[in-house]
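Notes for the structure review
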Amino acid sequence: MGDSPDLDLISDLPQSIIESILTRLPIVEAVRTSILSSKWRYRWATLTHLAFDEKCVTSTNDRILVENKLINFITRALFLHQGPIHKFQLCTSFLTSCPDIDQWILFLSRKDIKELVLELDENEWIRVPSCLFNCKKLTRLELSRCELDPPSTFKGFSFLKSLKLYQVYVASDAIESVIISCPLLESLSLSYIDSLTLNIRSPNLKYLCLEGEFKDICLENTPLLIAMSVAMYMTEDIAEHMEQSSSCNFIKFLGGAPHLERLIGRIYFTKYLTVGDDPGRLPIKYINLKIIELYQVSFEDMKEILVVLRLITNSPNLKELQISSSSNTPAAMEATDLDFWEKECPSHCIFGRLKAVKMTEMSGVPHEMEFIKFLLENSPVLEVMSIAPCSFVTEGRLNMLIELVRFRRASPRAEILFIQN
């Protein structure tokens, strides 16, 4: 039986199928579906999720032309839109100076916007318009390369669950005010926000990512925090500020996260935790902490080694441990204070759940080897100890390997993998 010429299969699709198709198309393709039939015309205008980038317009070598086309496309799309807009995403490097963004955000604030993502060119910093703070139904907010200054009348985002700020200029008291006025906040990411002194009070926070030049960080009320990633970039001013500090950074930072399950400490993190008065015996055990990753640990600094030991020995359910070293100085090579391990290591410490250890950038210096020895002797269920020497260690690799195989292992199944680069 032949097809009837009057049969319009596209137009006869159920509305639910049409909506499903449109939501899977880039916005520029969704707009073009208006030419398919009368039933499809402006159907895209009811989409609740809108995502824009430079692919929305034809690319040319004329940057200004592309910018103008993109502005016109977004403005027209919003003008024709019908109904609520739950998600608006703009990721582009072409809008170098665009006051239209203020108008778009004002429009969105009246459209029940729930998710707003603005990622602009690294050479263009915009001041976020005050109307953003009228978006009362926001659940997710991501801003890149902009200036954020909440008005004095701002009472908070009552429904916000995820906040991500990347290269955003904001004062310490302003970001603290935003955080504390978002009672449902679960995920917080602050990247490349410099010279902040930050007190985080967020009773429902579960995920925290910090990266930048932070002068001081205190977790005052984060009882539900389960995952954390921290990178600290050290300037001379920040280093001087830390040297003058007496309060214990270890307690001030990790003392407010008793239910951590995963901790990633990147550059200068362990150095930061050494600042301040010695906490002695920790008043807290991290019962839920199963994964620890620490990068660029200096095994020539006894304070850093002590931070690592206190952290792992107070994590009785630790399953995976990864550490990269930065110990390649002559002082680290010629360490003489090896009695540290008898004095500071708990005599009856057992890592009863530890199954995988990964050590990278190892130089084979004495304190690194003592640390590995300590783990092997006290990890009865260890399955894999992976060790990767740093690239400049060539002649010492054989000696490192010979020493490793001599270490006593508490686990009969422990396998040592020596990974050559």
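Before reading further, recall that the structure is shown in the block above.
Quick caveat, the model's predicted, so the values are computed rather than measured.

Quick word on the overall build of the chain
- For the chain, the count of helices and strands is 13 helices and 17 strands.
- Burial statistics for the chain: of 421 residues in total, 47% are counted as buried.
- Counted over contacts in the chain with a minimum sequence separation of 6, partners at least 24 positions apart contribute 65%.

With respect to a positive patch on the surface
- Where like charges cluster on the molecular surface, the positive patch consists of Lys290, Lys319, Arg353 and Lys355.
- Among the secondary structure elements, arginine 353 is positioned in the loop between helix H11 (340-344) and strand E15 (356-362).

Structural notes on the pattern of salt bridges
- Tallied over the full model, the rule gives eleven salt bridges.
- Here glutamate 147 makes a salt bridge to arginine 127, at a shortest N to O gap of 2.9 Å. Within this pair, whereas glutamate 147 is found in strand E5 (residues 140-147), its partner arginine 127 is found in strand E4 (residues 126-127), the two being separated by 20 residues in sequence.

So, unusual backbone geometry
- Positive phi is not limited to glycine here, since aspartate 112 has a value of about 60°.
- Structurally, the position occupied by aspartate 112 is in the loop between helix H4 (100-108) and strand E3 (115-119).

A few points about the packing of helix H9 (residues 302-313) against helix H12 (residues 366-377)
- In the contact formed by H9 and H12, the axes pass within 12 Å of each other and the chain directions differ by 15°. Judged by the angle between their axes, H9 and H12 are roughly parallel. The handedness of the crossing between H9 and H12 is right-handed. Listed contacts from H12 to Met302, Ile305, Val308, Leu309, Ile312 and Thr313 of H9 are His367, Phe371, Phe374 and Leu375.
- Looking at side-chain class alone, the contact of H9 with H12 contains eight nonpolar, two polar and no charged residues.

Observations concerning the environment of glutamine 167
- Counting through the fold element by element, glutamine 167 comes out in strand E6 (residues 162-169).
- Between the C-alpha atoms of glutamine 167 and glutamate 147, which are 20 residues apart in sequence, the distance is 8.9 Å.
- Excluding residues within four positions of it along the chain, glutamine 167 makes contact with Trp125, Arg145, Cys146, Ser191 and Tyr192.

Considering the nonpolar core
- Within the largest apolar cluster, 118 residues are counted, with the highest numbers of intra-cluster contacts made by Leu132, Met228, Leu254 and Phe371.
- Excluding anything up to four places from it in sequence, methionine 228 contacts Leu208, Leu219, Phe253, Leu254, Ala257, Leu260, Arg262, Leu263 and Ile264.

Comments concerning helix H3 (residues 63-80)
- Relative to the 26 Å expected for 18 residues at 1.5 Å per residue, H3 spans 26 Å between its end C-alpha atoms, a close match to the ideal helical length.
- Looking only at H3, the buried set comprises Val66, Glu67, Leu70, Ile71, Phe73, Ile74, Ala77 and Leu78. The buried residues of H3 all sit within an arc of 160° when viewed along its axis, so they share a single face. Exposed residues lying more than 90 degrees from the buried face of H3 are Ile64, Asn72, Arg76 and Phe79.

Describing the packing of H3 against H4
- At a minimum axis distance of 11 Å, the contact between H3 and H4 shows a crossing angle of 20°. If you check the angle between H3 and H4, you find them roughly parallel. The two elements H3 and H4 meet at a crossing, and its hand is left-handed. Taken together, the residues of H4 that come into contact with H3 (itself represented by Ile71, Ile74, Thr75 and Leu78) are Asp100, Trp104, Phe107 and Leu108.
- Across the contact of H3 with H4, the residue classes tally to six nonpolar, one polar and one charged.

What to know about the environment of leucine 108
- Mapped onto the secondary structure, leucine 108 falls in helix H4.
- Note on leucine 108: relative accessible area 1%, which makes it buried.
- Residues leucine 108 and proline 84 lie 24 residues apart in sequence; the distance between their C-alpha atoms is 8.7 Å.
- Once residues lying within four places of it in the same chain are set aside, the contact partners of leucine 108 are Leu78, Ile85, Phe88, Ile113 and Leu116.

Comments concerning the packing of aromatic side chains
- Applying the stated criterion across every chain, the model contains 14 aromatic pairs.
- Between phenylalanine 52 and phenylalanine 73 the ring centres are 6.1 Å apart and the planes differ by 75°, which places this aromatic pair in the edge-to-face class. A residue pair is termed long-range when its members are at least 10 positions apart, and phenylalanine 52 in strand E1 (residues 49-52) and phenylalanine 73 in helix H3 qualify at 21 residues.
- Overall, phenylalanine 52 belongs to the buried group, its relative accessible area being 2%.
- Measuring from ring centre to ring centre gives 5.5 Å for phenylalanine 52 and phenylalanine 88, while their planes differ by 45°; the resulting arrangement is tilted. Taken together, the residues phenylalanine 52 in strand E1 and phenylalanine 88 in strand E2 (residues 87-91) connect sequence positions 36 residues apart. For the pair formed by phenylalanine 52 and phenylalanine 88, the shared burial category is buried.
- An aromatic cluster of three or more residues is present, and its members are Phe299, Phe340, Trp341, Phe351, Phe371 and Phe374.

Here is what the cut-offs are and how they apply
Residue positions within a chain follow its written sequence, with the count starting from 1. In keeping with the model being predicted, local features are shown solely for residues with a pLDDT of at least 70 and side-chain atom pairs are shown and tallied solely at 80 or more, while totals for entire chains, interfaces and linings include all residues. Neither water nor hydrogens contribute to the side-chain values; these are computed over all heavy atoms in the structure. Under the DSSP-based scheme used, a helix requires at least four consecutive residues in state H or I and a strand at least two consecutive residues in state E, with every element numbered from the N terminus. Relative accessibility decides the category of a residue: with a 1.4 Å probe and only protein chains considered, values under 20% of the type maximum give buried, values over 50% give exposed, and everything between is partly exposed. Working rule for contacts: check all heavy atoms of both residues, and any pair within 4.5 Å makes them a contact. Patch construction takes residues with relative accessible area above 30% that form no salt bridge. Like charges are linked within 9 Å, and nonpolar side chains (Val, Leu, Ile, Met, Phe, Trp, Tyr) are linked within 5 Å. Only the protein chains shown count as covering a residue, and every accessible area follows the Shrake-Rupley method with a 1.4 Å probe. Definition used for salt bridges: Asp or Glu carboxyl oxygen within 4 Å of a side-chain nitrogen of Lys or Arg. In this tally, Asp and Glu contribute negative charge and Lys and Arg positive charge; neither His nor the terminal groups of the chain are included. Here the site of a charge means atom NZ of a Lys, CZ of an Arg, CG of an Asp or CD of a Glu. As a rule, the C-alpha atoms of each element are fitted with a line to give its axis, helices using only the stretch in contact, and angles between N-to-C directions run from 0 to 180 degrees. Note that the term roughly parallel is reserved for angles under 35 degrees, roughly antiparallel for angles over 145, roughly perpendicular for angles of 65 to 115, and oblique for everything else. Each crossing gets its hand from how the near helix is turned against the far one by less than a right angle, where anticlockwise is left-handed and clockwise is right-handed. Classification convention: Asp, Glu, Lys, Arg as charged; Ala, Val, Leu, Ile, Met, Phe, Trp, Tyr, Cys, Pro as nonpolar; all other residues, Gly among them, as polar. We call a set of buried residues a nonpolar core when its members are Ala, Val, Leu, Ile, Met, Phe, Trp, Tyr or Cys and they connect through side-chain atoms within 4.5 Å of each other. In a helix, the anticipated span is given by 1.5 Å times the number of residues less one. For this quantity, the arc is that covered by the directions from the helix axis to the C-beta atoms. By convention, a stacked pair of Phe, Tyr or Trp rings (six-membered ring in the case of Trp) has centres within 6.5 Å and planes under 30 degrees apart, an edge-to-face pair has planes over 60 apart, and any other such pair is tilted.

Functional significance is not addressed by these values, which are geometric in nature.
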